[in-house]
Amino acid sequence: MAKAQRHPLEALTEYLPENTFEEVVHYLQTYKVQLTITRARTSILGNYRNAYGNSHHRISINGNLNPYSFLITLLHELAHLLTFEQYHHRVSPHGKEWKNSYSSLLKVFLIKKIFPEDIAREINQSLHNPGASSCSEPDLMRVLKKYDPHMEGLHFVEQLNPGDWFVTRDNKIYRLDQKQ
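Small disclaimer: the values here were computed from a predicted structure and weren't measured. (Residues numbered from 1 in each chain as written. Predicted model: local features only at pLDDT ≥ 70, side-chain atom pairs only at ≥ 80, totals over all residues. Heavy atoms only, no water.)

1. Focus: the overall build of the protein
So the rule is basically this: For the purposes of this entry, the term helix denotes a DSSP run of H or I that reaches at least four residues, the term strand denotes a run of E that reaches at least two, and both are numbered from the N terminus. Accessibility here uses a 1.4 Å probe with only protein chains present; expressed as a share of the type maximum, an area under 20% marks a residue as buried, one over 50% as exposed, and anything in between as partly exposed. Any two residues whose heavy atoms approach within 4.5 Å at even a single point are treated as in contact. The Shrake-Rupley method, run with a 1.4 Å probe sphere, supplies the accessible areas, and residue values consider only the shown protein chains as cover.
A count of helices and strands for the protein gives 5 helices and 5 strands. Along the protein, helices (α) and strands (β) appear in the sequence α-β-β-β-α-α-α-α-β-β when read from the amino end. Looking at the protein residue by residue over its 180 residues, the buried ones come to 39%. Relative to all contacts within the protein whose residues are 6 or more apart in sequence, the contacts with residues 24 or more apart total 47%. Accessible surface, the protein as shown: approximately 11800 Å² in total, 50% of it carbon and sulfur.

Dropping the structure here:
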């Protein structure tokens, strides 16, 4: 297995939306976060591991995410860190305490008008009860996918009409008979 390479913190700017670097770095430095940008993972977008012993808090984020998805995923994981700092392991990972932390972090960036209007609208709709992942919020997931450069030519099944043929990522061919 190849050893992870260290990069200057400024390299993070290529993954983040404009005008977010300073705020993000503030959190990373304040809480001594070891941030790892990983290859694409299909099962998760990001991950948080709390500090213990002499180790720092660790967050990993998939490097193939568009800047808005990257930031939202990073804020999701930072919310876990903030929740851990306050409650340790005494609360549910995506319970009300985490939801409050996550909503507070999202509001910081909404106030700064970092997100395009369509993403901001979806985030605002979920602030009172954010999902455990953007995948659990289908409307937010759909709007975020619009900003993925590799989505050109790809469609959601809901965009197809009965009788349309389509190919999945694993090259299986299907015909949509009817929508439920």
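From this point on, the discussion continues.
2. Brief notes about the packing of aromatic side chains
Each aromatic ring pair is summarised here by two numbers: the centre-to-centre distance and the angle between the ring planes. Put simply, the test is: Stacked, tilted and edge-to-face are the three classes applied to pairs of Phe, Tyr and Trp rings, where Trp contributes its six-membered ring and a pair requires centres within 6.5 Å; stacked means planes under 30 degrees apart, edge-to-face means over 60, and tilted covers the rest.
Per the stated rule, a full pass over the model turns up 4 aromatic pairs. Both rings, one in Tyr68 and one in Phe115, keep their centres 6.2 Å apart while their planes meet at 50°; by these two values the pair is tilted. Separated by 47 residues along the polypeptide, Tyr68 in helix 2 (residues 67-87) and Phe115 in the loop between helix 3 (96-111) and helix 4 (117-126) bring together distant segments of the chain. We note that Tyr68, like Phe115, is buried. Ring-pair connections join several aromatic residues into one group, and the members of that group are Tyr68, Phe115 and Tyr147.

3. Some words on unusual backbone geometry
With phi around 65°, Asn19 is a residue other than glycine that occupies positive phi space. Inspection of the secondary structure assignment puts Asn19 in the segment before helix 1 (21-30). For Lys113, which is not glycine, the phi torsion reads 55° and is therefore positive. Looking at where Lys113 falls in the secondary structure, it is placed in the loop between helix 3 and helix 4. Residue classification places Lys113 among the exposed positions, given a relative accessible area of 71%.

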